[in-house]
Amino acid sequence: MPGLDGTAVIALSVLTSISILLLTSLGLAVIFGLMRIVNMAHGEFLMIGAFTTTVLVRSAGLPVWLAVLGAPLTCALLGAAVEVLFIRPLYGRRLVETLLATFGLSLILYQAAIDIFGQSSPGIGAPGGFVEIGRYTVSTYSLFLPAAAAAIVALLYLVFKRTRYGLLARAAAQNPDMAAALGVPVRRVNLLTFVLGCALAGLGGGLISPIVAVSPGVGQSYVGQAFMTVVTGGPAFLLGTLCSSVLLGGVANVVSQMFTNLWGLSALLVVAILLVRLLPHGLSGGWTRGL
Amino acid sequence: MNDKDNGTALVPAGCAGEQVAPGTDRREFLKASMAVAGGALLAGAGLARAARSDTIHVASMFDVTGGLSIYGQPEMSVSRLAIEHINKAGGVLGRKLELHEYDTQSKIELYSRYAQEIGANDDIAVVVGCITGASREAARPILSKNGKLLFFPSVDEGGECDKFTFMQGSDCLQMESPLVNWAMKNAGKTFYVAAADYVYGHVATAWTKSLVEKAGGSIVGTEFIPLDVSDFGATIRKIQTAKPAVIMSNLVGGNHMAFYRQFAAAGLNRSIRIVSPSFGLGNEQQVLSPEETKGIVVAYSYFETLGNAENKAFVAAYRKAHPDAGPLMDLPAQVWNGWHQWKAAVEKAGTTEIGKVVAAMESGIPFQGPSGRIVMDGPSHRNIQDINLATVDGKRQFKILQTFKQVPPSRQVVGSASCDLTGKDKDSHRMIMPKM
Amino acid sequence: MPKAAQMLRQLAGCGLAWAPVLAAAALLAAPSLSTATLLKSTLWLSFGIVALSLALVWGVAGIFSFGQNAFFGIGGYVFAVTAINVFPATGETLTAMALGACAAAAFAAILGYVTFYGRVGDVYLAIVTLSVTLILYTVMSSTAGPEYHIGQAQLGGFNGMPSVPGIALGSGELGNRQTFAFAVCLAAALYMLLRFLASGRYGRILAGLRENELRMELLGYDVRLHKLAAFVIGGTVAGLGGALFAAWGTFINPAVFSLPQAALVAIWVMVGGRTSLAGAFVGVVVVQWICDQADKVVAQQTPLILGVMLVATVLAFPSGIVPSLSRLPARWRKATPAGNDVHVARPAGAPGAAARGRLVAQHLGKRFGGSVVLEDVSLSFGEAGIDAVIGPNGAGKSTLFGLLTGRHAATQGRIELNGADITRLPAFRRARAGLGIKLQVPGIFLGLTVRENIALARLAPRAHGGAGDASAVLAATSLSGKQDLPASALSHGEQQWLEIAMIVAQNPSVMLLDEPAAGMTRDERNRTVELIRTLSTQRTIVVVEHDMDFIRALGAPVAMLHRGVVFRRGAFAALSSDPEVRDVYLGRRRHAGN
């Protein structure tokens, strides 16, 4: 029924949804996968990334492409401070305590954003115009997002497979005591991992800032789905999250196309619940250890 | 719909004791005197009764903090400003007004809690407050059970049928009818409706459908979008497939602003016109970029740019008090109207006693305010008011396109009963649920 | 009279006395409270009840749930729907309240079944319950359409349901004061009920779950069932809180399922002190009061204040207010040993000595993925009092142990305990059937005293006979004098002995010990050998070890595993002089195994 151009547009729209889910989940996945910390302030890091980009474009006049790169930098700096002040004292304590501490942090960051930016501040539009596909037009930026997501995943894969840090981080994740005994500087590796996770969240926020309305609450609307993506992804934090993004984002978008947004949202939730019941260890639970 | 409120006709018991609702044995287990004594003992609750003769206590409940503070802050500011203005001009019946401010913090349970506090406070004569339909429905039944008058300043979907409540904002019919007519004439006859999936969205959509069909146009698609959706890829593809000439956007809230952004990014704003009865209330024109919003058409009773003298004075006073505040929208202006209409009614009635004030309100005293002339329509408890069509220019401002003088409100609830508060529903304290 | 005094003292001991006193004080004060105070207090009581439910589920049973406000919200919604439909006819809303609680309980049962029986772990449980709560938010927010109504009750989507009847006992709605009185009574009753549960036998089981779930399972407790039960009780209580909330506000909307609300419950409990049920109410009062007060000083910063409070509590004050306060009197009370209801020693000659059991493995095999770890292992234990299983690293010892204990499922073969097939039984059922299991890492409850540890073992359900006599174990070791010390204060060796004592208290017919001498000093090891020898006069004992001196000292027949098969059987002396065995241990290539 939709025709060739319609099908292409649907496929592109599915791809964009998947990449948005992936971009907003990766930071959470890295921190949870490697440190077993549930970063409840993840949404606020998304928000800070989005605001950084917006401010750089609007106040400093940078082009969007460049401004997006400022987001991970801000979030990395902030993440480093957070790790030293709030996370480090909690290593070895119960997981729930880091979860609550980061939740407290999220409230603080949220209110700070309201105090600084107000409830509604001017945003930036999507750059690059649009392209025509048959009878349809598609935003160029929505085509760029999947490419950016793919590049980020590939880069992360290389970092964890090829660099010294990647090896140490994976070792520390699998057995911190053993890694420490072997001379891995676990503290520094954890700091780097947390900073990387925050930077990824910031990058995600920066990348979606041109297509959403940036407000202090913007991160919170992504957190729930990000949690579900990471949980259903399972222990292979990179490829598992990729798979769950494809599955959840794909299902949500396809169902939205066929029926309505409400059904799309419901389908995402139903699939996530089913996955948790059927595969309690996530999509990648049965894989031999991977990324 | 609601038997409880239906069956509870309220008889104001005068000013000697507490309001007693027949049919319930509320408060009978305590003597009123004990309550008064207890209230007087505890600071904060009881207000010195001695001061009663020269002040009238009034209240406002708005979300000054939290997610809805974007609406609540200007509304509370204007509330303060209006009370100041009235007091400067000599007060009401020669008595000064004292405003009790309740910050409901964007939490529904606080509306409930404060409404009960106000309800139990004999001194408070009137409330101008509430922002969302949800907050109004949390507070209204409690206030009206306790014989308190409520002025609700937001635009709303209709259906309110409460003798003690006056609806200040324009209703769906008042806003959508000019929008549909304008769009039919200037953009085209095919409509796609994108609506927020909550009560307002559903009712507004029902009005859109009936108005478009009556005007000879057609609806080529309708979609209800949950409030937490911000990825509109699927919606935009469907719009492109349906090829409407006009989008009627009944979207609300921060997440839904992304719709306008993604709509423009896909280049659809070149060929399809958006009209909306809700755009702008959340400062959408400020958040989005000028390119994204240019050409969107809205309809409200009030715009900051209106040229009448009352508005110029109003804007000047507001800007003096809040130099950094954002643009003034419809809601705060209705707060101003509410306080002044109440003042006029009390002065006509010669008392703050609720029955007489309501009767005076229903008699239709005209008021010349920032949004022009308004007159209360007795049966519907809604204002007959001017509606202005405006479009967003390239500088994030609204430019008035056309003014419809003295547009009457709807006395009909979509697909359901009508409400006549001066006739058959004169004892009603309920909300009629619309049927679609 | 002394009996009454003693009872009173006992009540005071478990904190039950002051709850009615406080409640009575609140009721007496009610007539003189202002409307604002009454309304606020009633609201806080409804919050306190949901916090109480989390204190039970999290603080007592160790299950961190973000779902308590989901149950709260469900209780509220079901109350609202029922009350709107029923109140006009019956003039009461208690039925609605009961239904609300039942609905919350049912939902907790379903959610708990999925997660606990699906073995969803620690943090995952937090995320799953949070996700479910957010899903409810989305679902309830999308019921705006007019088609969503139940009887007279329109669900209203994001706007929620207005005009919900308040608390009514049959003759119309209660006033503010009566509602407050009702809330006080409800909260006090729920508090006392949970307090009673938490201080009795059931409370000890919950504490065991919190401290060491695996050990509880190996003791024969059906961990999943007990967690589910605690979860459902918590859900019911939260549901009642929600019903009270809806009745108080005459209103309910999806905001009860929102993320901030979910977190608020955790903040209350954390601040009040999660291990204290009373802390739940203290937490609500402190947090809400600070928010109210702070709003007057620095307006509009509530999230910031909550955030700072939460971070500060977690970092600087993790045990919360009430436990920190109650630690003071505990120090004074120290002279009198607590918990005297637990009798470890039993009279000599009492029944409880089990007959030696028989554990048989037939053609056991296990493969993980593509690799065969254990193949065709047939062993029979029970003829000699003690049997030892040895083997170099990677020989398959741990896998065999895992198969025998039920940690892994066998890919082939059969396991029999005293003639009954236990191949497919989960660990706790094996324990109940008389298999005592000691893992390599001491599986004890570090936060409980020695006495309480053993009490938990004695209380464990079992299919046979009475409890065993752990006093001999305690007497044979240095533990007799340390019964009121927390297990965390024991040395590593003592912890191992405590675990053995716990297993004996269960009175198993077969004891499986994995490296019982790991980490022990030479002296401790010798005493362990003696202990095991003594125990073996009455029970079958299987020791899996790689400490050759220990095996030698035990003097038991040995089965040696190598590359997943039984490589040798026989006396230790014979094996130790076998050149092939020595080659295997020394890693030489020359052997006949292949």
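Here the residue numbers are simple positions, counted from 1 along each chain's written sequence. The lettering of chains begins at A and the numbering of ligands begins at 1, in the order of writing. Only residues with pLDDT of at least 70 get local features here, since the model is predicted, and only at 80 or more are side-chain atom pairs given and counted; chain-wide, interface and lining totals rely on the full set of residues.

**Let's talk about the sheet that holds strand S4 (residues 371-381) of chain C**
Residue and element names in this part refer to chain C.
Logical step 1: A pair of strands is labelled paired if DSSP reports no fewer than 2 bridges between them. Helix and strand definitions follow DSSP, with helices as H or I runs of at least four residues and strands as E runs of at least two, each counted in order from the N terminus. Overall, antiparallel pairing links the four strands, which are arranged S4-S3-S6-S7 in an open sheet. Each edge of the open sheet carries a strand with a single partner, namely S4 and strand S7 (420-421).
Logical step 2: In this description, any two residues whose backbone-derived C-beta atoms lie within 7 Å of each other are considered to be in contact. Between the N-to-C directions of two axes lies an angle of 0 to 180 degrees, each axis being a line fitted to C-alpha atoms and, for a helix, fitted only over the stretch in contact. The strands that helix H15 (residues 397-405) touches are strand S3 (359-368), S4 and strand S6 (412-417); relative to S3, the one it contacts most, it runs at about 115 degrees.

**As for the interface of chain C and chain A**
Logical step 1: Facing 32 residues of chain C, the contacting portion of chain A comprises 29 residues.
Logical step 2: Elements represented by at least two residues in the side of chain C that touches chain A include exactly helix H6 (122-141), helix H11 (259-272) and helix H13 (302-316) of chain C.
Logical step 3: The greatest single-element share of the side of chain C that touches chain A, amounting to 11 residues, is contributed by H6(C).
Logical step 4: Three residue categories are used. Nonpolar comprises Ala, Val, Leu, Ile, Met, Phe, Trp, Tyr, Cys and Pro, charged comprises Asp, Glu, Lys and Arg, and polar comprises the others, including Gly. Residues that form the side of chain C that touches chain A fall into these classes: 24 nonpolar, six polar and two charged.

**What about the pairing of strand S8 (residues 435-438) of chain C?**
All names here are of chain C.
Logical step 1: By the alternation rule, side chains of S8 split into Leu435 and Ile437 and Gly436 and Lys438, which are all buried.
Logical step 2: The sheet contact formed by S8 and strand S9 (residues 510-514) spans four bridges and is parallel. Directly across from glycine 436, in S9, lies its bridge partner methionine 511. Partly exposed residues are those whose C-beta has more than 12 but fewer than 20 other C-beta atoms within 10 Å; with 20 or more the residue is buried, with 12 or fewer it is exposed, and the C-beta atoms are placed from the backbone.

**Some words on helix H10 (residues 223-249) of chain C**
Logical step 1: Between its terminal C-alpha atoms H10(C) stretches 39 Å, which fits the 39 Å expected from 27 residues at 1.5 Å a residue.
Logical step 2: Most of H10(C) sits out of view: 24 of its 27 residues are buried. Take the residue count of a helix, subtract one, and multiply by 1.5 Å to get its expected span.

**Digging into the nonpolar core**
Logical step 1: We define the nonpolar core as any set of buried residues of the types Ala, Val, Leu, Ile, Met, Phe, Trp, Tyr and Cys, connected via C-beta atoms lying within 7 Å of each other. One finds Ala51(C), Leu52(C), Leu56(C), Ala80(C), Ile267(C), Trp268(C) and Ala501(C) to be the most contacted residues of the largest nonpolar core, which totals 443 residues.
Logical step 2: It is helix H1 (residues 3-35) of chain A that contributes the most residues to this core, 18 residues altogether.
Logical step 3: Every residue in contact with Trp268(C), bar those within four places of it in the chain, is listed here: Phe47(C), Ala51(C), Ala280(C), Gly283(C), Val284(C) and Val287(C).
Logical step 4: Core analysis: the next-biggest nonpolar cluster, separate from the first, contains six residues, Val413(B), Leu421(B), Met431(B) and Ile432(B) among them.

**A short note on the environment of Thr54(A)**
All names here are of chain A.
Logical step 1: The topology assignment puts threonine 54 in helix H2 (residues 42-58).
Logical step 2: By C-beta crowding, threonine 54 is classed as buried, having 23 other C-beta atoms within 10 Å.
Logical step 3: Separated by 10 residues in sequence, threonine 54 and valine 64 place their C-alpha atoms 8.3 Å apart.
Logical step 4: Filtering out sequence-adjacent residues up to four positions away, threonine 54 remains in contact with Gly123, Ile124, Ser209 and Val214.

**With respect to the packing of H1(A) against helix H5 (residues 140-162) of chain A**
Residues and elements named next belong to chain A.
Logical step 1: Orientation of H1 relative to H5, taken along the N-to-C sense of each, is 45 degrees, at an axis distance of 8 Å. In this view, H1 runs oblique relative to H5, as classed from their interaxial angle. For the pair H1 and H5, the sense of crossing is left-handed. Contacts between H1 and H5 pair Leu12, Leu15, Thr16, Ser19, Ile20, Leu22, Leu23 and Leu26 from the former with Ser142, Leu143, Leu145, Pro146, Ala149 and Ile152 from the latter.
Logical step 2: Within the contact of H1 with H5, the residues separate by chemical class into 11 nonpolar, three polar and no charged. Angle categories are assigned with fixed cut-offs, so that under 35 degrees is roughly parallel, over 145 is roughly antiparallel, 65 to 115 is roughly perpendicular, and the rest are oblique. For a crossing to be left-handed, the near helix must be turned anticlockwise from the far one by less than a right angle; the clockwise case is right-handed.

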